[in-house]
Amino acid sequence: RRPAWCAGAMAPKRAREEAAPTPVAKAAKPGGGASAQSAALSREAEEEILRQRLLAKETSLRNLTKRYLSFAAAIESSTTEECEKLYQGLLKELAAYEFGMAKAKNLVAVNVQQVASYESMEGEIGAEMARTAAEIESLSRQLEEERTLRQQKEQYAALARRIQQLPPRAATEREIASLNVELTSMRAEGEALSATLSERSRLFSGFMHALHDLQLHLEHDAPPAAAPAAAAPASAAEAG
């Protein structure tokens, strides 16, 4: 008598055997079933290739498959104790595979969560970079304004030093007023000198005119013989 798990393990094999075509069915279509047979072979080849790839890709699944195939083969030829032993090993291998799958699933969930965290962190970093760039631009404008203000202060300081070197405004105004008075006095003095010079010029002209008239009278009143002697004083007077 076989345990219940033996029947359950043999059920897939029996189903495959029942579903497999019989030699009579295969021989019923010697010519027309060639394409169907080639299609079935191609599907089997593809399944075999996929199975080999899957087995070569994952070690745990390959070990589980080996244990299952060993257990399925032992059901037909081995004793119940050996089948029970293989069954327990298969259960352990299946539990280990399920644990690996759960671990992989958790790892995938952790990776997804980590990716989401990285995306959120990337967004925060991008926002921080944008804020930093805006702050740098604002500080650059502020620095330019501070430089302009410092330059203006330096110019104001230079002007203040030059202004400090000059005399006070009150002293300058007093000096200007004194110079204006002096200028007015000099103008008045110049005008007085001009008036005096004009008067003296007028008197000298009158004197010369009177002298010329006197000379004419003397020449007219003098005798002819004394004319040459009188001409000499007249020429001397003109020369003087």
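Note that this is a predicted model, so its numbers are computed, not measured. (Residues numbered from 1 in each chain as written. Predicted model: local features only at pLDDT ≥ 70, side-chain atom pairs only at ≥ 80, totals over all residues. Heavy atoms only, no water.)

Secondary structure summary: the chain contains seven helices and zero strands in total. Listing the helices and strands of the chain from first to last along the sequence gives α-α-α-α-α-α-α. Among the 240 residues that make up the chain, the fraction classed as buried is 8%. Taking all contacts inside the chain whose residues are at least 6 apart in sequence as the whole, residues at least 24 apart take part in 58%. (Helix = DSSP H or I, 4+ residues; strand = E, 2+ residues; numbered from the N terminus. Buried < 20%, exposed > 50% of the residue type's maximum accessible area, 1.4 Å probe, protein only. Contact = heavy atoms within 4.5 Å.)

Right, let's talk about helix α5 (residues 80-165) for a bit. Since one α-helical turn is 3.6 residues long, residues separated by three or four positions face the same way. Between its terminal C-alpha atoms α5 stretches 122 Å, which fits the 128 Å expected from 86 residues at 1.5 Å a residue. The complete set of buried residues in α5 reads C83, G89, L90, E93 and Y97. (Expected span 1.5 Å × (residues − 1).)

Turning to the nonpolar core, a few remarks are in order. Ranked by size, the top nonpolar core spans eight residues in total: L61, L64, F71, A74, I75, C83, L90 and Y97. Mapped by element, the contributors of at least two residues to this core are α4 (59-77) and α5. For this core, the leading source of residues is α4, giving five residues. Each residue touching A74, except ones within four places of it in the same chain, is listed here: C83 and L86. (Core = buried A, V, L, I, M, F, W, Y, C linked by side-chain atoms within 4.5 Å.)

Attention now goes to the side chain of E93. Here E93 is to be found in helix α5. If near-sequence neighbours (up to four positions away) are discounted, E93 is found in contact with S60, N63, L64 and R67.

Enumeration over the complete set of coordinates arrives at one aromatic pair. Measuring from centroid to centroid gives 5.7 Å for F71 and Y87, while their planes differ by 40 degrees, and the two rings are tilted. One end of the pair, F71, is in helix α4; the other, Y87, is in helix α5, and 16 residues separate them in sequence. Accessibility expressed as a relative area gives 2% for F71, which makes it buried. (Phe/Tyr/Trp six-rings, centres within 6.5 Å; stacked < 30°, edge-to-face > 60°.)

In the structure shown here, the tally under the stated rule is five salt bridges. A salt bridge links E128 to R131; the shortest N-O distance between them is 2.4 Å. Here the residue E128 and the residue R131 both occupy positions in helix α5, the gap between them amounting to three residues, near one helical turn. Exposure remark for E128: the relative accessible area of 41% places this residue in the partly exposed category. Measuring nitrogen to oxygen at the nearest pair gives 3.4 Å for the salt bridge that ties R141 to E137. Of this pair, R141 and E137 both sit in helix α5, four residues apart, roughly one helical turn. With a relative accessible area of 47%, R141 lands in the partly exposed category. Its relative accessible area of 48% is what places E137 among the partly exposed residues. (Salt bridge = Lys/Arg side-chain N within 4 Å of Asp/Glu carboxyl O.)

Turning our attention to the packing of α4 against α5. Contact geometry of α4 with α5 gives a least axis separation of 9 Å together with a crossing angle of 160 degrees. As summarised for this structure, α4 and α5 are arranged roughly antiparallel, according to the angle between their axes. Of the two elements, α4 crosses α5, and the hand of that crossing is left-handed. Of α5, the residues touching α4 (which contributes S60, L61, N63, L64, R67, Y68, S70, F71, A74 and I75) are C83, L86, Y87, G89, L90, E93, L94 and Y97. (Axes fitted to C-alpha atoms, helices over the stretch in contact; angles between N-to-C directions. Parallel < 35°, antiparallel > 145°, perpendicular 65-115°, else oblique. Left-handed = near helix turned anticlockwise from the far one by under 90°.)

Attention now moves to a nonpolar patch on the surface. A grouping of F204, F207, M208, L211, L214 and L218 is seen on the molecular surface, where their side chains present a nonpolar patch of about 590 Å² in accessible area. If you trace the backbone, M208 turns up in helix α6 (residues 169-221). Accessibility expressed as a relative area gives 37% for M208, which makes it partly exposed. (Patch = residues over 30% accessible without salt bridge, like charges linked within 9 Å, V, L, I, M, F, W, Y side chains within 5 Å. Areas by Shrake-Rupley, 256 points an atom, 1.4 Å probe, with all protein chains shown as cover.)

As a further point, take α4. With 19 residues, α4 should reach 27 Å at 1.5 Å per residue; the first-to-last C-alpha distance of 27 Å fits that figure. Taken residue by residue, α4 has L61, L64, T65, F71, A72, A74 and I75 as its buried positions.

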